[in-house]
Amino acid sequence: MSQTKVMLSPKELELVNNADWILTKNLIIHKVYQLFGQLSERYLAAIQQNVLLSKDDLGIRTPKISKGEQYEGLPWVMLDYPRNFTADDAFGIRSFFWWGNCCSITLQLAGRFQQKYAPVLEKYFADPVKSKEWFISTGTDPWQHHFRNENYEPVNESRKGNMSALPFIKLAKKIPLDDWSSIDIFFEKNYTEILQILTGG
């Protein structure tokens, strides 16, 4: 049986002969790691200063930075802190870099944490000014991060209702990669806002 010869397109051939673009990509990922390392220190300090957060809610006390190459075929880096995930419960704040798309920060709650914090979230996001630019998950998979219509919709346009009755709570904000010079401010500002919301500040 004859086999089809595997060929490269002109564009693919150009890229496979050009090491510079992959080295540049690796450098960018390294810089995102550096940024998330700096943010993890600031997140730790913010948590330590917030005496209203229950230590039981925080779970594992150290931030975790991880990376991959294949979220919808594209590289990603994420920072989780706090990170308290079990089979039934979730309490996490995730900072996420997604190549070619955006950066985002997400509050994820499920189980006992969802029941505990749903009332303060409902109260906060009932204000259309405060909920501006926030998205709420409408999807069925809590581990999806894209902002397409089947996964997120603006909080102002959603039927928020009783958040404790949702399968899980995911609230997120995003910033385009073109705004790179403001990304550290974006993460710090919204991390602080999430902590204030959870503690009724």
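This report concerns the structure included in the present document. Computed from a predicted model, the values in this text were never measured in an experiment.

## Here we look at the packing of aromatic side chains
Reasoning step 1: Tallied over the full model, the rule gives 15 aromatic pairs.
Reasoning step 2: Summarising the aromatic geometry, the rings of Phe-147 and Tyr-152 are spaced 4.7 Å apart at their centres and angled 20° between planes, so their arrangement reads as stacked.
Reasoning step 3: Taken together, the aromatic side chains of Tyr-71, Trp-76, Phe-96 and Trp-98 make up a single cluster linked through ring pairs.
Reasoning step 4: The positively charged end of Lys-67 is found above the aromatic ring belonging to Tyr-33, 5.5 Å away from the centroid.

## Observations regarding helix 2 (residues 19-49)
Reasoning step 1: Relative to the 45 Å expected for 31 residues at 1.5 Å per residue, helix 2 spans 46 Å between its end C-alpha atoms, a close match to the ideal helical length.
Reasoning step 2: Those residues of helix 2 that sit buried are Lys-25, Ile-29, Val-32, Leu-35, Phe-36, Leu-39, Ser-40, Tyr-43 and Ile-47.
Reasoning step 3: Buried residues along helix 2 sit in contact with helix 3 (55-58), strand 1 (64-71), strand 2 (74-85), strand 3 (90-98), strand 4 (102-110) and helix 5 (183-198).
Reasoning step 4: A distance of 2.9 Å separates the backbone nitrogen of Asp-20 from a side-chain oxygen at the start of helix 2, and that oxygen is part of Asn-18.

Reading the values: rules and limits
Residues numbered from 1 in each chain as written. Predicted model: local features only at pLDDT ≥ 70, side-chain atom pairs only at ≥ 80, totals over all residues. Heavy atoms only, no water. Phe/Tyr/Trp six-rings, centres within 6.5 Å; stacked < 30°, edge-to-face > 60°. Lys NZ or Arg CZ within 6 Å of the ring centre and 35° of its normal. Helix = DSSP H or I, 4+ residues; strand = E, 2+ residues; numbered from the N terminus. Expected span 1.5 Å × (residues − 1). Buried < 20%, exposed > 50% of the residue type's maximum accessible area, 1.4 Å probe, protein only. Contact = heavy atoms within 4.5 Å. Polar contact = N/O pair within 3.5 Å; in protein donor to acceptor, adjacent residues only side chain to side chain.

This is a description of form; function is not addressed.
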